[in-house]
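# Structural overview
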Amino acid sequence: LGVSWEATAAPEQLDEALAAHMARAGCESVHFQLEAAKVFESTVAREQLRAAVEQLRAHGVFIKATVKLVPPYESIPHLVDVAATFGLDDVRFDVA
């Protein structure tokens, strides 16, 4: 039918099969809502995000994220660098 759509998803919920199904069903974009502290403090969370991005990227899906920041903000420059290393297409920061 040529229908396209976008999804909001949690990186830990995505796997290769789901990413493939979403792409075949017309998903053009996935949006992640991330908490900066959770991603930085957890090696598992970082790996889940990295794997989800890799799986979606393999299917040509555009990847967006909103990263929630909470005080203190000393790590913002580091956060921007790390966000870039995940290969996200669009990143926005939500400052509490």
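Our subject is the structure listed above.
First things first, this report covers the structure right here in the doc. (Residues numbered from 1 in each chain as written. Predicted model: local features only at pLDDT ≥ 70, side-chain atom pairs only at ≥ 80, totals over all residues. Heavy atoms only, no water.)

## Quick notes on the overall build of the protein chain
Looking only at helices and strands, one finds four helices and four strands in the protein chain. Mapped from its N terminus to its C terminus, the protein chain presents α and β elements in the order β-α-β-α-α-β-α-β. Looking at the protein chain as a whole, 34% of its 96 residues qualify as buried. Here the contacts in the protein chain between residues at least 6 apart in sequence split such that 66% fall between residues at least 24 apart. Of the roughly 5900 Å² of accessible surface on the protein chain, a fraction of 55% belongs to carbon and sulfur atoms. (Helix = DSSP H or I, 4+ residues; strand = E, 2+ residues; numbered from the N terminus. Buried < 20%, exposed > 50% of the residue type's maximum accessible area, 1.4 Å probe, protein only. Contact = heavy atoms within 4.5 Å. Areas by Shrake-Rupley, 256 points an atom, 1.4 Å probe, with all protein chains shown as cover.)

## Describing the side chain of Q55
By secondary structure assignment, the location of Q55 is in helix α3 (residues 43-58). According to the relative accessible area criterion, Q55 is buried, its value standing at 18%. Sequence-distant contacts of Q55, that is, excluding residues within four places in its chain, are made with L14, D15, E16 and A19.

## Considerations on the pattern of salt bridges
One pass over the full model with this rule turns up four salt bridges. One salt bridge connects E6 with K64, and the closest N-O pair in it is separated by 3.2 Å. You can see E6 sitting in strand β1 (residues 5-9) and its partner K64 sitting in strand β3 (residues 62-69), a full 58 residues away along the chain. Ionic pairing is found between D89 and R57, a salt bridge with its closest N-O pair at 3.1 Å. One end of the pair, D89, is in the loop between α4 (76-85) and β4 (90-95); the other, R57, is in helix α3, and 32 residues separate them in sequence. On the basis of relative accessibility, which here comes to 36%, the residue D89 falls in the partly exposed class. Here R57 falls in the partly exposed class, since its relative accessible area comes to 35%. (Salt bridge = Lys/Arg side-chain N within 4 Å of Asp/Glu carboxyl O.)

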